[in-house]
Amino acid sequence: MDLQGQNGLDNTFRESWRNRGVVAWVVAGTLISFYTLLYFGGDLGLNDVPALNFDVWAQAIGLPSRWHLYGLLYTVGVVGGGVYYLRKHGNSRYNKYRIAVNVAVQVLLAFTLPLVMALFGQGSYYFSYLWPLAWYDFHPGHLASIPAAVAVWTLGGALVLAPLMAYRYGKRWYCSWVCGCGGLANTFGDPWRHLTATSTKSWKFEKVAVHTVMFIAIGSTFALFLDAFAGDRLPAFHRIVDGGQWWSVKRLYGYVVGSILAGVIGTGLYPLLGPRVWCRNFCPMAALLGLQQKLGRFQITVKPDMCISCGNCTTYCEMGIDVRSYAQSNESFTRSACVGCGMCAHVCPRGVLRLENLTRKRNQGDKARQGLPVVNL
Amino acid sequence: MRVVIIGNGVAGMEAALEVRRREPLWDITIISEESDHFFSRTALMWVFSGQLSHQCIEPLERDVYERLSLQRIRARAVGVDVEAKRVLMAGGREPVPFDQLLVACGSKPRPGPWPGSELAGIGNFVTHQDLAWYEAEVHGGPSRGGPPPNADAHLPFSTPDSPYRKRDVAAEARGRRARDVAVIGGGLIGIEAVEVAHAAGLHPRFFIREEWFWPMAIDRAESTWISERMRAHGVQVHLEENVERFEGERSVERIVTDQGSYQADAVVVAIGVVPNTDFLRGEGDMPLTLDRFGGVVVDERLETSVPGIFAAGDCASVRWFNGAVRPEQLWYTARDQGRVAARGLLGDTAQRYARGHWYNSAKLMDIEYTTAGLVNFHVEGERNWFFEEKGPVRSTSRIVLSGDRVVGFNFLGRRWDHAVLIRFIEEHRTLSYVLDHLNEARFDTEFVPPLHIPMEARLRGLSEGPAPSALPQPVAPPAV
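**Looking at the pattern of salt bridges**
Residues and elements named next belong to chain A.
Here comes step 1: Applying the stated criterion across every chain, the model contains 57 salt bridges over all chains.
Here comes step 2: E318 is the partner of R276 in a salt bridge, and the nearest nitrogen-oxygen pair spans 3.2 Å. Highlighted residues: R276 in the loop between helix 12 (270-273) and helix 13 (277-281) and E318 in the loop between helix 15 (312-316) and helix 16 (323-327), separated in sequence by 42 residues.
Here comes step 3: A residue is classified by how much of its surface remains accessible, and R276, at 2% relative accessible area, is buried.
Here comes step 4: Among the residues examined, E318 registers a relative accessible area of 1% and is labelled buried.

**Describing the packing of helix 1 (residues 22-40) of chain A against helix 11 (residues 249-265) of chain A**
All names here are of chain A.
Here comes step 1: Contact geometry for helix 1 and helix 11: axes closest at 9 Å, N-to-C directions at 155°. It follows that helix 1 is roughly antiparallel to helix 11 by the angle criterion. For helix 1 against helix 11, the interelement crossing comes out right-handed. When helix 1 is examined against helix 11, the residues I32, Y35, T36, Y39 and F40 are found in contact with a partner set consisting of Y255, G258, S259, I260, G263 and V264.

**Considering the nonpolar core**
All names here are of chain B.
Here comes step 1: Ranked by size, the top nonpolar core spans 224 residues in total, and within it F125 and Y134 carry the most contacts.
Here comes step 2: For F125, the residues in contact, after removing those within four places along its chain, are L44, M45, F48, D130, L131, Y134, I189, E192, A193, V196 and V268.
Here comes step 3: In terms of nonpolar packing, the next biggest core, distinct from the first, is built from 14 residues, I184, F207, V252 and V267 among them.

**A short note on the side chain of K303 of chain A**
Here comes step 1: Residue position: K303 of chain A is located in the loop between strand 1 (298-302) and helix 15.
Here comes step 2: For K303 of chain A, which is buried and forms no salt bridge, the nearest opposite charge comes from D417 of chain B, at a distance of 6.1 Å.
Here comes step 3: Among the polar contacts listed, one links the side chain of K303 of chain A to the backbone oxygen of W416 of chain B, at a separation of 2.6 Å.
Here comes step 4: If we skip the residues at most four places from it in the chain, K303 of chain A touches N330, R350, G351 and V352 of chain A together with W416, D417, H418 and F443 of chain B.

**Description of helix 9 (residues 331-345) of chain B**
Each turn of an α-helix holds 3.6 residues, which means side chains three or four residues apart point in the same direction.
Residues and elements named next belong to chain B.
Here comes step 1: Here helix 9 contains 15 residues, and its C-alpha end-to-end distance of 21 Å stays within 8% of the 21 Å for a straight helix at 1.5 Å per residue.
Here comes step 2: Buried residues dominate helix 9, accounting for 15 of its 15 residues.
Here comes step 3: Phi turns positive one or two residues past the end of helix 9, at G347, with a value near 90°.

**Some points on unusual backbone geometry**
Here comes step 1: In this structure, the amide linkage connecting W131 of chain A to the following residue, P132 of chain A, adopts the cis form with an omega of 5°.
Here comes step 2: Relative to the helices and strands, P132 of chain A is located in the loop between helix 4 (93-119) and helix 5 (140-145).
Here comes step 3: Of note, W214 of chain B is a non-glycine position whose phi angle comes to about 55°, a positive value.
Here comes step 4: Examined against the element boundaries, W214 of chain B turns out to sit in the loop between strand 11 (205-208) and helix 7 (220-232).

Reading guide: rules and limits
Residues numbered from 1 in each chain as written. Chains lettered and ligands numbered in written order. Predicted model: local features only at pLDDT ≥ 70, side-chain atom pairs only at ≥ 80, totals over all residues. Heavy atoms only, no water. Salt bridge = Lys/Arg side-chain N within 4 Å of Asp/Glu carboxyl O. Helix = DSSP H or I, 4+ residues; strand = E, 2+ residues; numbered from the N terminus. Buried < 20%, exposed > 50% of the residue type's maximum accessible area, 1.4 Å probe, protein only. Axes fitted to C-alpha atoms, helices over the stretch in contact; angles between N-to-C directions. Parallel < 35°, antiparallel > 145°, perpendicular 65-115°, else oblique. Left-handed = near helix turned anticlockwise from the far one by under 90°. Contact = heavy atoms within 4.5 Å. Core = buried A, V, L, I, M, F, W, Y, C linked by side-chain atoms within 4.5 Å. Lys, Arg positive; Asp, Glu negative; His and termini not counted. Polar contact = N/O pair within 3.5 Å; in protein donor to acceptor, adjacent residues only side chain to side chain. Expected span 1.5 Å × (residues − 1).

On their own, these measurements won't tell you what the molecule is for.
As structure tokens, this is what we get:
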């Protein structure tokens with residue numbers, strides 16, 4: 001096996017379940033029903049039916065709550081999908097290391113650790129999720145209630161580590177290596193990655209949607225802080241932000257962003273719209289890291305005049321980036337959406353693309369390239 | 001001003017975009033028999049396997065023609081009336097008048113010379129229609145990505161000799177998909193046809209006339225590895241075997257060579273391509289001059305023997321990097337020529353087509369291939385330095401020297417930046433300088449260990465004389 005580049009050819013478009021066939025619709029329907037029950041079973045009054053109450057299911061197999069059952073299923077998805085992915089693309093070292101880290105983070109940090117802590121009667125902490133993805137992390141009440149060391153990680157991870165890493169290595173360090181959403185997308189969701197829309201229209205929607213959610217996530221966090229310090233003096237404000245009604249900012253954000261956009265739509269539509277619907281269009285963390293990436297050193301370098309415009313890169317970009325448009329115009333680029341999964345470089349039959357963290361040395365290489373004759377125009 | 005472009009491929013489309021960029025109001029008409037949309041011909045193999053759909057291999061969004069008001073005619077051009085300035089069309093279509101014309105009609109497959117070539121089940125792998133035929137033989141039809149839009153729209157306006165005609169599918173007559181696929185011709189299209197048949201679960205036979213696969217581009221040692229890989233995948237590689245005829249009732253059943261007779265349900269003939277310029281010979285006194293290769297003769301501005309008519313891409317005979325003048329069937333040169341021809345159409349008299357250094361890359365059965373400069377050219381005082389890496393990465397590196405100067409590179413198994421390699425050549429570097437700095441040209445993906453060349457390999461790798469090559473008069477590979 002070669003350590004880079006795709007081995008063998010895929011038969012993606014010859015498989016019905018990967019192309020919105022009956023099985024795909026059934027899987028999507030199942031996922032959407034599952035998430036609806038998981039998040040809204042109580043609100044919909046369905047928890048009284050034991051068969052539809054995941055807490056009952058969880059207890060039946062000895063897990064403390066529905067969230068641990070969800071964690072178990074999620075972990076099975078990541079591990080199973082990881083095996084599928086590695087069998088297909090694991091010849092490449094980048095893919096192998098990346099998916100191994102994804103699976104390890106899911107199994108250890110996102111599932112085992114919280115479960116063990118819950119079994120010992122401790123609070124559960126999910127160290128691999130950072131604000132603003134873990135929007136709840138920055139609630140003043142939550143911050144005040146957690147141990148100091150955890151609070152340091154929560155604040156330092158989100159405000160110092162994440163931006164620094166994104167600057168140095170691009171947002172991929174998080175979105176494609178660590179994050180659970182990205183982990184599920186790149187394992188369980190991988191068979192559907194070609195379904196991500198690449199049209200100009202989808203890009204226009206993405207730009208507006210993802211940055212809107214980002215501003216809402218940041219703004220609402222500020223609002224919660226303001227409420228914590230001045231809520232007594234501003235009763236109307238307090239009512240809007242954290243009054244306990246379903247339409248209060250605190251609960252509405254959880255419903256709309258956390259449950260509907262990330263869960264029901266984000267994961268439920270994997271088999272129909274590709275695995276990064278949430279990450280691309282709605283995740284506030286991806287948007288924030290994307291801006292940091294844009295200023296940082298990560299780029300996809302394009303070899304000049306080698307692209308044959310075959311379209312493998314664009315088709316297999318799960319974020320809907322038209323990579324080919326850059327490759328065929330000899331433009332190295334950094335797109336804020338890019339999660340650095342490396343698939344464009346992996347499937348490129350001519351080795352035109354390379355993910356790079358630019359260093360001084362590499363820049364010298366680029367300078368050397370500038371002396372090259374550009375053929376004709 | 002009315003500009004007509006014959007051909008919707010990379011040269012024609014690139015020219016159309018360039019003309020439109022400068023002249024928003026000119027009438028631009030693109031005549032294409034093959035397809036409604038510009039697509040990447042080099043990507044047909046992935047459509048076959050199902051890795052890509054037809055829409056995936058279209059580099060521009062489908063609304064580009066409307067958006068840039070480029071008119072399209074989906075029909076076969078059968079001649080050019082230079083006096084009356086109009087393109088003659090098949091199927092009783094009105095001739096298309098022009099003020100300026102660009103001929104960018106590309107290549108067509110070189111037909112096989114063997115008896116029985118007219119049998120159903122024998123085809124090529126160059127056009128959309130070839131793809132549809134081959135898919136029908138092996139897969140029973142297109143993938144869930146579907147056929148290209150309006151796949152048959154050109155049929156009423158075509159001719160029986162068109163490379164875009166519809167093929168008879170032997171699988172339909174037989175009532176069974178092809179199991180025994182044979183591919184003739186040891187070049188890039190050949191190995192692609194083999195690779196997709198293998199991906200479809202078959203064990204194709206690969207008939208190669210030469211001593212080893214692709215001798216124009218790679219030497220014996222390099223090729224051995226590729227043949228090994230093909231055989232490991234279950235491909236039956238027949239080297240130095242000459243096809244003599246095909247046998248069968250109405251569909252092909254057997255392929256007979258100088259060494260045996262083999263069952264065959266479908267045969268892909270991939271022995272190269274020739275300029276698709278027969279239609280320019282058609283009408284009596286030919287206005288445009290063609291050369292012995294069938295290429296349209298052009299000057300350095302890519303203008304033909306008739307002022308106001310230009311030619312670009314596979315159909316034009318251009319000056320190669322080594323000075324030879326003949327058609328060059330390559331993606332990136334066609335694109336450059338399209339742009340240069342567009343300047344000519346726009347009235348720019350200064351723009352010249354100047355070919356830079358030779359370079360290319362490909363993938364041969366999962367093995368990455370990069371080349372730059374003069375390889376297999378038997379240059380004056382040639383010596384070859386060769387190193388085979390068999391660690392975690394398997395690779396071969398060949399560096400060609402003329403005297404003390406490095407003039408060419410041939411790499412398998414790793415990714416390299418040809419731009420840096422060409423810089424080494426232009427800077428007239430020595431072998432030891434290049435070996436010291438080789439990793440500057442590295443383009444491997446992350447975590448792939450860099451190429452390490454032990455000191456003794458540096459010293460021992462150099463052999464006197466040229467690498468063994470089958471061709472006395474080498475030419476650069478007719479690559480996609």
